[in-house]
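Here is how the chains run, residue by residue.
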Amino acid sequence: MSEGRSAHVLAAVCLIWQVALMTATGSKLWEVPTTSSSFMESLQWQPHCHYRHHQERVKITAEIPPRLDGTWLSTRCEVRPGPEFLTRSYTFHPTRHFQALQHYYADSRCENPTYSLAIRGKLRLRQASWITRGATEADHHLSGVTIVVHSLAAKQKLNSRLAPSCVGPSLARLVPGKPQDLYNTRAGRECLSALGFSMMELDLVRVETQHHNHGEKLQELFLGDIHTDWTQRTHYRPTGYQQPLQSALHHIHPCPACAVVYRSTEQRPPAMPRQTQAPISLAGRWSSQQCETRPTILFLTREFHFDPDQQAWEGIYRHYSDPLCSQNTFTLRASGHYAQGNPSVKVPGATEFVFKVTEVRVTAEDESTAKLLNRTKPGKCGQAGEWKVREEQALSSTHGCTVLGLKLPHKEYELLKVELDHRGHPLLYVGERPTDGSSPDRPMRRATSFQAPLMLCSDAETQPSSHYGLGFKSKQVQTKTSGTGSLTPCLLMVLGSALCSWSCVF
Ligand SMILES: *[C@@H]1O[C@H](CO)[C@@H](O)[C@H](O)[C@H]1NC(C)=O
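So, how was this worked out
- Residues numbered from 1 in each chain as written.
- Predicted model: local features only at pLDDT ≥ 70, side-chain atom pairs only at ≥ 80, totals over all residues.
- Heavy atoms only, no water.
- Helix = DSSP H or I, 4+ residues; strand = E, 2+ residues; numbered from the N terminus.
- Buried < 20%, exposed > 50% of the residue type's maximum accessible area, 1.4 Å probe, protein only.
- Areas by Shrake-Rupley, 256 points an atom, 1.4 Å probe, with all protein chains shown as cover.
- Pairing = 2+ DSSP bridges.
- Salt bridge = Lys/Arg side-chain N within 4 Å of Asp/Glu carboxyl O.
- Near = heavy atom within 4 Å.
- Nonpolar A, V, L, I, M, F, W, Y, C, P; charged D, E, K, R; others polar.
- Arc of directions from axis to C-beta.
- Disulfide = S-S within 2.5 Å.
- Phe/Tyr/Trp six-rings, centres within 6.5 Å; stacked < 30°, edge-to-face > 60°.
- Polar contact = N/O pair within 3.5 Å; in protein donor to acceptor, adjacent residues only side chain to side chain.
- Contact = heavy atoms within 4.5 Å.
- pLDDT = per-residue confidence, 0-100.

## What about the overall build of the protein chain?
Phase 1 of the analysis: The helix and strand inventory of the protein chain stands at eight helices and 25 strands.
Phase 2 of the analysis: Residues classed as buried in the protein chain amount to 55% of the 506 residues present.
Phase 3 of the analysis: Of the accessible surface of the protein chain, which amounts to about 22100 Å², a share of 52% is contributed by carbon and sulfur atoms.

In structure tokens:
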């Protein structure tokens, strides 16, 4: 889609802008790191709404380049756009060789495996990403892909999917339980593309380490996102992330899924322990558990309130210029009504919803955003000339905001599911935004996969809604960064260009 392309062109423009900025100021904001240079980010944060004890502080570090050695595991049944249901176990060796196991399933609980792929290759880390701050770009090279089907039914289904472009003699000989080469250095890639297979996710990597109070460590591997449009996924260069894999050594305990995924082989796919599906009840306040990344430059945290009696909702989207979500640029507060639809046929366990946005309130959190909004023409974005830092403006009088790409009222077709985590705490999954920056404003554009889950805030932490908005402090942040510059000018360019569509800010 052209919007997606524009985003990339913009990203390139941003790059030039930054270089110019660095030259102008003579500062080394962001030297393109070589693989030997590294910087550490560290952060102590205490999410305002967190089911762990309030006093607990978690420090997050992310090294560039990241250390990938070791095995990284899915912690639950993953859903990719399509939908595809899978679990993953990736092992990286100090020699740069990797072995990636992907197990695919017929069902949304990952109980009924259809086939597994064993992928071998080499990964070369290149440089820090200019587009996705905090990420490292990499190049992967595949040396082989082996497939094992797990039942006759799965074989038949695969055969019909792979024909006619993948006609190697191998497929006819697929026997359940027996490894068969799908790709090697001598064979072409027809079979891989017929499967919609790609390892482009390896081209954008980030490792985060969370240091918890009692010396416990959690390590997560973030790999590039999968394009929501099936036709784009094999050549899309990721700029956002999928849900992270956790280190086999340093993961959250208990993790029943980790053990079975760790022990799996291509011939012995893991059957996932039952996730407790909770009946969909949205009542209450839900909050992001970490700083989230969207394809092309955006970092944000989300918070939702639902009032089922009034069928009313409010979403607070806090936008930041850095991957630790410490430099707030602007905040959006959207509200309206919602209606629950049918259980999803495509993604069993999830439910369809329609959301209507009738009001959006915007707060410029820094000087440059305030200036930018202040320069908009009268009637285009709130009260022109009245924008001030940390003062909220409603956009309904101008039916949205052209420069932010917001049109009011607005309707979206959503996919939601509620699951319980390993501690029995409810998690809300909201549908993934289309990667091309468009909006799911038609039923056919409804998501088939999800964003990072939101956590239900306990009643004790719930504040009266009058406390929301301006003075809300979701985190106590102390950052200690070196080598990072501000991307704010770029973000503003993106906003200022009016190319940013609805979902760029949502
Ligand atoms: C916004 O514009 C008004 C009128 O032009 C001006 O007085 C004010 O200082 C501007 N505010 C900011 C934050 O730029």
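Next comes the rest of the description.
## A word on the pairing of strand β9 (residues 180-184)
Phase 1 of the analysis: For β9, the buried fraction is high: four of the five residues fall into the buried class.
Phase 2 of the analysis: By the bridge criterion, four bridges tie strand β8 (residues 136-149) to β9 in an arrangement that is antiparallel. Directly across from T146, in β9, lies its bridge partner D181.

## Overview of the pattern of salt bridges
If charged atoms from side chains of opposite charge come close, those side chains can pair.
Phase 1 of the analysis: Across all of its chains, the model carries 22 salt bridges by this definition.
Phase 2 of the analysis: Salt-bridge contacts for E84 lead to R233; the nearest nitrogen and oxygen are separated by 3.0 Å. One end of the pair, E84, is in strand β5 (residues 84-92); the other, R233, is in the loop between β11 (217-223) and β12 (245-247), with 149 residues separating them in the sequence.
Phase 3 of the analysis: With relative accessibility at 8%, the residue E84 sits in the buried group.
Phase 4 of the analysis: Across the salt bridge formed by D139 and R124, the nearest N and O atoms sit 3.2 Å from each other. In this pair, D139 is assigned in strand β8 and R124 in strand β7 (residues 113-128), connecting sequence segments 15 residues apart.
Phase 5 of the analysis: In this structure D139 comes out as partly exposed when scored by relative accessible area, which is 24%.
Phase 6 of the analysis: For R124, a relative accessible area of 42% translates into the label partly exposed.
Phase 7 of the analysis: What emerges from the salt-bridge pattern is a single network uniting R124, R126, E137, D139, D203 and R237.

## Considering the site of the ligand
Phase 1 of the analysis: Neighbouring the ligand are the residues K371, N374, G385 and W387.
Phase 2 of the analysis: In the complex, 41% of the free accessible area of the ligand, which totals 360 Å², lies under the protein chains.
Phase 3 of the analysis: Of the residues in the shell around the ligand, the class split is one nonpolar, two polar and one charged.

## Let's talk about helix α6 (residues 367-374)
Phase 1 of the analysis: Residues of α6 that are buried include every one of T369, A370, L372 and L373, and no others. In an axial view of α6, the angular spread of the buried residues amounts to 165°, which keeps them on one side of the axis.

## Describing the state of the cysteines
Phase 1 of the analysis: A complete count under the given rule lists four disulfides for this structure.
Phase 2 of the analysis: What pairs with C255 in a disulfide is C258, and their sulfur atoms sit 2.1 Å apart. Taking the torsion about the S-S bond as the criterion, the C255 to C258 disulfide, at about 80°, is right-handed.
Phase 3 of the analysis: The disulfide partner of C291 is C325, and the gap between their sulfur atoms is 2.0 Å. Here the S-S torsion is close to 75°, and the disulfide linking C291 with C325 is therefore right-handed.

## Comments concerning the packing of aromatic side chains
Phase 1 of the analysis: Applying the stated criterion across every chain yields a total of 13 aromatic pairs.
Phase 2 of the analysis: Measuring from centroid to centroid gives 5.8 Å for F304 and Y317, while their planes differ by 90°, and the two rings are edge-to-face. Of this pair, F304 sits in strand β15 (residues 298-307) while Y317 sits in strand β16 (residues 312-320), and the two are 13 residues apart along the sequence.
Phase 3 of the analysis: Owing to a relative accessible area of 6%, F304 belongs among the buried residues under this scheme.

## Considerations on helix α2 (residues 152-162)
Turn by turn, an α-helix covers 3.6 residues, leaving residues three or four places apart pointing in a common direction.
Phase 1 of the analysis: Listed in full, the buried residues belonging to α2 are A154, K155, L158 and L162. One side of α2 holds all its buried residues, which, seen down the axis, span an arc of 100°. Pointing more than 90 degrees away from the buried face of α2 are the exposed residues L152, A153, Q156, K157 and S160.

## Considering the pairing of β8
Phase 1 of the analysis: Most of β8 sits out of view: ten of its 14 residues are buried.
Phase 2 of the analysis: In terms of strand pairing, β7 meets β8 through 13 bridges, oriented antiparallel. From the neighbouring strand, A128 faces β8, where its bridge partner is T136.

## Side note on the side chain of E84
Phase 1 of the analysis: Among the polar contacts listed, one links the side chain of E84 to the side chain of R233, at a separation of 3.0 Å.
Phase 2 of the analysis: With near-sequence residues (within four places) excluded, E84 lies in contact with E78, V79, Y104, R161, L195, W230 and R233.

## A short note on the confidence of the model for the protein chain
Phase 1 of the analysis: Per-residue confidence for the protein chain gives a mean pLDDT of 81, with 78% of residues at or over 70.
Phase 2 of the analysis: Per-residue pLDDT stays below 50 along residues 1-47; that stretch engages in 113 contacts with residues further than four places along the chain or on separate chains.
Phase 3 of the analysis: Here residues 461-504 is modelled with pLDDT under 50, and outside its nearest four sequence neighbours on either side it reaches 133 contacts, counting other chains as well.

## Considerations on the environment of F330
Phase 1 of the analysis: Tracing the backbone through its elements, the reader meets F330 in strand β17 (residues 328-343).
Phase 2 of the analysis: Judged by relative accessible area, F330 falls into the buried class, the value being 1%.
Phase 3 of the analysis: As for F330 and A370, which are separated by 40 residues in sequence, their C-alpha atoms are 8.7 Å apart.

## Things to note about the side chain of K417
Phase 1 of the analysis: Its place among the elements puts K417 in strand β22 (residues 410-420).
Phase 2 of the analysis: You can call K417 buried: its relative accessible area is 6%.
Phase 3 of the analysis: Within the structure, K417 has its side chain in polar contact with the side chain of E419 (distance 3.1 Å).

## What to know about the environment of T376
Phase 1 of the analysis: Within the secondary structure, T376 sits in the loop between α6 and β19 (392-394).
Phase 2 of the analysis: In the structure, T376 is positioned 25 residues away from C401 in sequence and 9.0 Å away in space, judged by C-alpha atoms.
Phase 3 of the analysis: Looking at T376, its side chain comes within polar contact range of the main-chain oxygen of L373, at 2.6 Å.

## Observations concerning unusual backbone geometry
Phase 1 of the analysis: Between G82 and P83 the backbone carries a cis peptide bond, its omega angle lying at 0°.
Phase 2 of the analysis: Summarising the element assignment, P83 is placed in the loop between β4 (78-80) and β5.
Phase 3 of the analysis: Following H253, the chain continues into P254 via a peptide bond in cis, with omega recorded as -5°.
Phase 4 of the analysis: Checked against the element boundaries, P254 lands in the loop between β12 and α5 (256-263).
Phase 5 of the analysis: Although it is not a glycine, Q311 adopts a positive phi angle of roughly 50°.
Phase 6 of the analysis: Within the secondary structure, Q311 is located in the loop between β15 and β16.
Phase 7 of the analysis: The exposure class assigned to Q311 is partly exposed, which follows from its relative accessible area of 38%.
Phase 8 of the analysis: Positive phi is not limited to glycine here, since R390 has a value of about 60°.
Phase 9 of the analysis: By relative accessible area, R390 is classed as exposed at 52%.

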